[in-house]
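Structure at a glance
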Amino acid sequence: MNINSAYDLLNRDRAVYEISDSGGIVIKSPQKFIAQTLDVLVWNSVFGASDEVRVLARWIIRRAGLELGVVPSSIQGLYEARGRREAGGFTVPAINVRGLSYDVARAVIRAALHLKAGAFIFELSRAESNMTDQKPSEYAAVMIAAALKEGFEGPLFIQGDHYQANANRFARDPEAELQGIRDFAQESIAAGYYNIDIDASTLVDLSKPGVREQQRANFEVTAKLATFFRSIEPKGITISLGGEIGEVGKQNSTIEELSTYMDGFHATLSKHAGKKKGLSKISVQAGTTHGGVVLADGAVAGVAIDFETLRKLSEVARDRYGLAGTVQHGASTLPADAFHRFAECETAEVHLATEFQNLIYENAAFPRDFKEEIYKFLRTTCAADKKAGDTDAQFIYKTRARAFGPLKRKFWELPADVRSRIGQDLEGKFVFLFERLNVPRTAELVKKTVTVVAEYPPVPAALAETLQRAPAHG
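All figures in this text were calculated on a predicted structure; none of them were measured in a lab. (Residues numbered from 1 in each chain as written. Predicted model: local features only at pLDDT ≥ 70, side-chain atom pairs only at ≥ 80, totals over all residues. Heavy atoms only, no water.)

**Observations concerning the overall build of the protein chain**
The number of helices and strands found in the protein chain is 20 helices and 11 strands. Taking 474 residues into account, the globule formula puts the C-alpha radius of gyration at 23 Å, and the protein chain, at 22 Å, falls close to it. Projected onto the principal axes, the alpha-carbon positions of the protein chain cover approximately 70 × 55 × 45 Å. Within the protein chain, residue pairs in contact and separated by at least 24 positions form 77% of the contacts whose partners lie at least 6 positions apart. For the protein chain, the exposed surface amounts to about 18700 Å²; the carbon and sulfur share of it is 49%. Once the 58 positive and 59 negative side-chain charges of the protein chain are each reduced to a mean point, those two points are 1 Å apart. (Helix = DSSP H or I, 4+ residues; strand = E, 2+ residues; numbered from the N terminus. Rg over C-alpha atoms; globule rule 2.2 N^0.38 Å. Contact = heavy atoms within 4.5 Å. Areas by Shrake-Rupley, 256 points an atom, 1.4 Å probe, with all protein chains shown as cover. Lys, Arg positive; Asp, Glu negative; His and termini not counted. Charge placed at Lys NZ, Arg CZ, Asp CG, Glu CD.)

Pasting the structure below:
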């Protein structure tokens, strides 16, 4: 249901909730708010008739979340406990939600509640945010709403994945490239992203002599960005920051690279930020590529993970630098029998995305005519990205994430029974992965280790103006 104005949005359900003159929220009936109001707010947070409607809907969702116990949080405390070896034996799944976001996120939450899991992350990279047309404020609101809808309470971890420096742009104008990352991170933190992965591994230059010079631009840029993020983090919140030493899909990382990077990072950070906290984890390369390697028929080739590399690097990361351990990217298309090994080798975090996208597209309930519409769209708009020698199946597999943004509304408007079937199947997949990664029953551990701070977002301009027109509120 589209709402035409901020005034209409505020006055639609006044028997359920109200906004006070000071900009607070009073939820008169939590049950009715979740049952009859929340879905309208979610829809308008994404597809509202105007910017002011979308901004206000997102603000109401976030404030309602804080009132009802869904609190965007940093995973820092849990990762520090892991660095002290006070916790371990599990791997935190970080799930990139690219499309059908409300339904997918609800499936994640249902799986977490079923398994009493608290150690899981919703994330989106800077590139994915643009590709899927999900600004940080929208994405965070939808994740919070999904948690509310399914009855989740507690800290909710939302993460910016791959806040990445582009090597070519950096070479032309380093400051402009870094400013773009700072600006996007500031937007993200304001939205409730209190976990951010800095990726300057793209700046590693293997042509230079020695590992330190090869990694120098990487650790120096990471330290500069970390200094800025620390300067804008909300009071009482220590943002969990990650670094990266090996670009996904390149050669496997080594202990020498990790140690050189971390020593250089700490030396640079101390110059810029004194005793401010550094990283909580480090991403490495141990054998995967984003999305997997696609064969001519569109199937994904088997991927070999070097779990011994992950084990050794995680051990060094914890014992020498107090980090939670290593992070593995691009793992969702691994064989099912491989996932338990991440927890066994104490990988701190694993990033999962493509397989969930595949489960949407390949679901038996997904309408065939819509799929053909999507593929026709991709063949037209992404034709320049088709590499010589690629089959049509390879091209479609590698580009179909790009349909989530331009065709976002059509995905959200799929029939309820289709979305329900997809959500049920995804829930089963999330349950499987959570069990393999050994995160069931981590909710209590999260509660013990994570500092929960309710950061109240500022009242949006549209609300302030509307309150002046409606003095009876509150």
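**Details of the layout of surface pockets**
Of the volumes computed, that of the second largest pocket is approximately 400 Å³. For the second largest pocket, the lining is made up of 20 residues, of which Arg-62, Ala-190, Ala-191, Pro-457 and Pro-458 are closest to its centre. Secondary-structure elements contributing two or more residues to the lining of the second largest pocket are α3 (51–67), α7 (136–149) and α9 (174–191). Grouping the amino acids of the lining of the second largest pocket by side-chain chemistry returns 15 nonpolar, 1 polar and 4 charged. (1 Å grid on protein atoms, 1.4 Å probe; cavity = no way out; pocket = protein on both sides within 12 Å on 5 of 7 lines; lining within 4 Å. Points joined across faces, edges and corners; volume = space filled by probe spheres on them. Nonpolar A, V, L, I, M, F, W, Y, C, P; charged D, E, K, R; others polar.)

**Some remarks on helix α12 (residues 307–321)**
The first and last C-alpha atoms of α12 sit 20 Å apart over 15 residues, in line with the 21 Å expected at 1.5 Å per residue. Phe-307, Thr-309, Leu-310, Leu-313, Ser-314, Val-316, Ala-317, Arg-318 and Tyr-321 are the residues of α12 that are buried. Residues of α12 that are buried in the fold lie against α4 (76–83), α11 (255–273), β9 (281–284), β10 (326–328) and α13 (340–344). Once α12 ends, the next one or two residues include Gly-322, with phi positive near 70°. (Expected span 1.5 Å × (residues − 1). Buried < 20%, exposed > 50% of the residue type's maximum accessible area, 1.4 Å probe, protein only.)

**Quick word on the packing of helix α5 (residues 101–115) against helix α18 (residues 416–436)**
As a packed pair, α5 and α18 sit with axes 8 Å apart at the nearest point and diverge in direction by 45°. Our classification of the angle between α5 and α18 gives oblique. Handedness of the α5/α18 crossing: right-handed. Touching Asp-103, Val-104, Ala-107, Val-108, Arg-110, Ala-111, Ala-112, His-114 and Leu-115 of α5 are Arg-419, Gly-423, Gln-424, Leu-426, Glu-427, Phe-430, Val-431, Phe-434 and Glu-435, all from α18. In the contact of α5 with α18, the residues fall into 10 nonpolar, 3 polar and 5 charged. (Axes fitted to C-alpha atoms, helices over the stretch in contact; angles between N-to-C directions. Parallel < 35°, antiparallel > 145°, perpendicular 65-115°, else oblique. Left-handed = near helix turned anticlockwise from the far one by under 90°.)

**Details of unusual backbone geometry**
One non-glycine residue, Leu-100, lies in positive phi territory at about 45°. The backbone phi angle of Glu-346 is positive, close to 60°, even though this residue is not glycine. Considering the arrangement of structural elements, one finds Glu-346 in the loop between α13 and β11 (349–352).

**Looking at helix α2 (residues 30–47)**
For α2, which comprises 18 residues, the first-to-last C-alpha distance of 24 Å matches the rise-based estimate of 26 Å (1.5 Å per residue) to within 8%. Along α2, the helix axis deviates most sharply at Thr-37, where the bend reaches about 50°. Among the residues making up α2, those that are buried are Phe-33, Thr-37, Leu-38, Val-40, Leu-41, Val-42, Trp-43, Asn-44, Ser-45, Val-46 and Phe-47. (Bend = angle between axes of the 7 residues up to and from the residue.)

**Details of the packing of aromatic side chains**
Scanning all chains against the criterion turns up 23 aromatic pairs. Aromatic side chains Phe-356 and Phe-430 sit 4.7 Å apart centroid to centroid with 55° between the ring planes, which places their arrangement in the tilted category. Remark: Phe-430 occurs in helix α18 and Phe-356 occurs in helix α14 (residues 354–361); sequence separation between them is 74 residues. In this pair, the class of Phe-356 matches that of Phe-430, namely buried. On the numbers, 5.0 Å between centres and 70° between planes, the contact of Phe-370 with Phe-411 is edge-to-face. Linking Phe-370 in helix α15 (residues 368–381) with Phe-411 in helix α17 (residues 408–412), this pair joins segments that are 41 residues apart in sequence. (Phe/Tyr/Trp six-rings, centres within 6.5 Å; stacked < 30°, edge-to-face > 60°.)

**Description of the pattern of salt bridges**
Enumeration according to the criterion identifies 35 salt bridges in this entry. One salt bridge connects Glu-80 with Lys-277, and the closest N-O pair in it is separated by 2.6 Å. Here Lys-277 lies in the loop between α11 and β9 and Glu-80 lies in helix α4, a separation of 197 residues in the sequence. The exposure class of Glu-80 is partly exposed, given its relative accessible area of 24%. Across the salt bridge formed by Asp-133 and Lys-408, the nearest N and O atoms sit 3.5 Å from each other. Of this pair, Asp-133 sits in the loop between α6 (126–131) and α7 while Lys-408 is found in helix α17, placing the two residues 275 residues apart along the sequence. (Salt bridge = Lys/Arg side-chain N within 4 Å of Asp/Glu carboxyl O.)

**Notes on the packing of α3 against α7**
Two numbers describe a pair of packed helices, the interaxial angle and the distance between the axes. Their axes nearest at 9 Å, the elements α3 and α7 cross at an angle of 45°. Classed by the angle they form, the pair α3 and α7 counts as oblique. Read as a crossing pair, α3 and α7 show a hand that is left-handed. When α3 is examined against α7, the residues Arg-58, Ile-61, Arg-62, Ala-64 and Gly-65 are found in contact with a partner set consisting of Ser-137, Glu-138, Ala-141, Ile-144, Ala-145 and Leu-148. Split into classes, the residues belonging to the contact of α3 with α7 amount to 6 nonpolar, 2 polar and 3 charged.

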